[in-house]
Amino acid sequence: VQLQASGGGLVQAGGSLRLSCAASGSIFSINAMGWYRQAPGKQREWVAGITRDGTTKYVDSVKGRFTISRDIAKNTVYLQMNTLKPEDTAVYYCNADYSDLNGRAFRSWGQGTLVTVSS
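Quick summary incoming for the structure in this document. (Residues numbered from 1 in each chain as written. Predicted model: local features only at pLDDT ≥ 70, side-chain atom pairs only at ≥ 80, totals over all residues. Heavy atoms only, no water.)

Here we take up the pairing of strand β4 (residues 30-38). With seven of nine residues buried, β4 lies mostly within the body of the structure. Pairing of β4 with strand β9 (residues 90-99) involves eight bridges; the strand directions are antiparallel. Considered in β9, the bridge of Ile 30 is made with Tyr 98. When β4 meets strand β5 (residues 45-51), the two strands line up antiparallel, connected through six bridges. Paired with Gly 34 across the bridge in β5 is Gly 49. Here β4 folds back onto β5 in antiparallel fashion, the turn holding six residues, of which Gly 41 has a positive phi close to 75°. (Buried < 20%, exposed > 50% of the residue type's maximum accessible area, 1.4 Å probe, protein only. Helix = DSSP H or I, 4+ residues; strand = E, 2+ residues; numbered from the N terminus. Pairing = 2+ DSSP bridges.)

On to the environment of Ser 118. Mapped onto the fold, Ser 118 is located in strand β11 (residues 113-118). Separated by 79 residues in the primary sequence, Ser 118 and Ala 39 have C-alpha atoms spaced 14 Å apart. For Ser 118, the contacting residues outside a window of four places in its chain are Leu 10, Val 11, Gln 12 and Ala 13. (Contact = heavy atoms within 4.5 Å.)

Here it is as structure tokens:
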């Protein structure tokens, strides 16, 4: 599974951005997709995830502000980010958890897209 992330940019605090992550390859085997972020000088942290059945989860710091969704026809997952704060500044990475025909589990990562929120 290959992932292509896009949609990052510079936005003022309180603004919105929508990130996209397009999947290609053995997409039939994807079990879940998600978004992580890594701020300067910090470890990568999980932000949001969506499972095959559409269940979504979020880290507490983004609940009520971020929404993860998917367009199955386009094989794309989105992260709608509203009411952005300077502390949301980070490189955002999408990932996909999938299995091969033998049931072995793998994880793929997108290339990262930079989100900068100015105060």
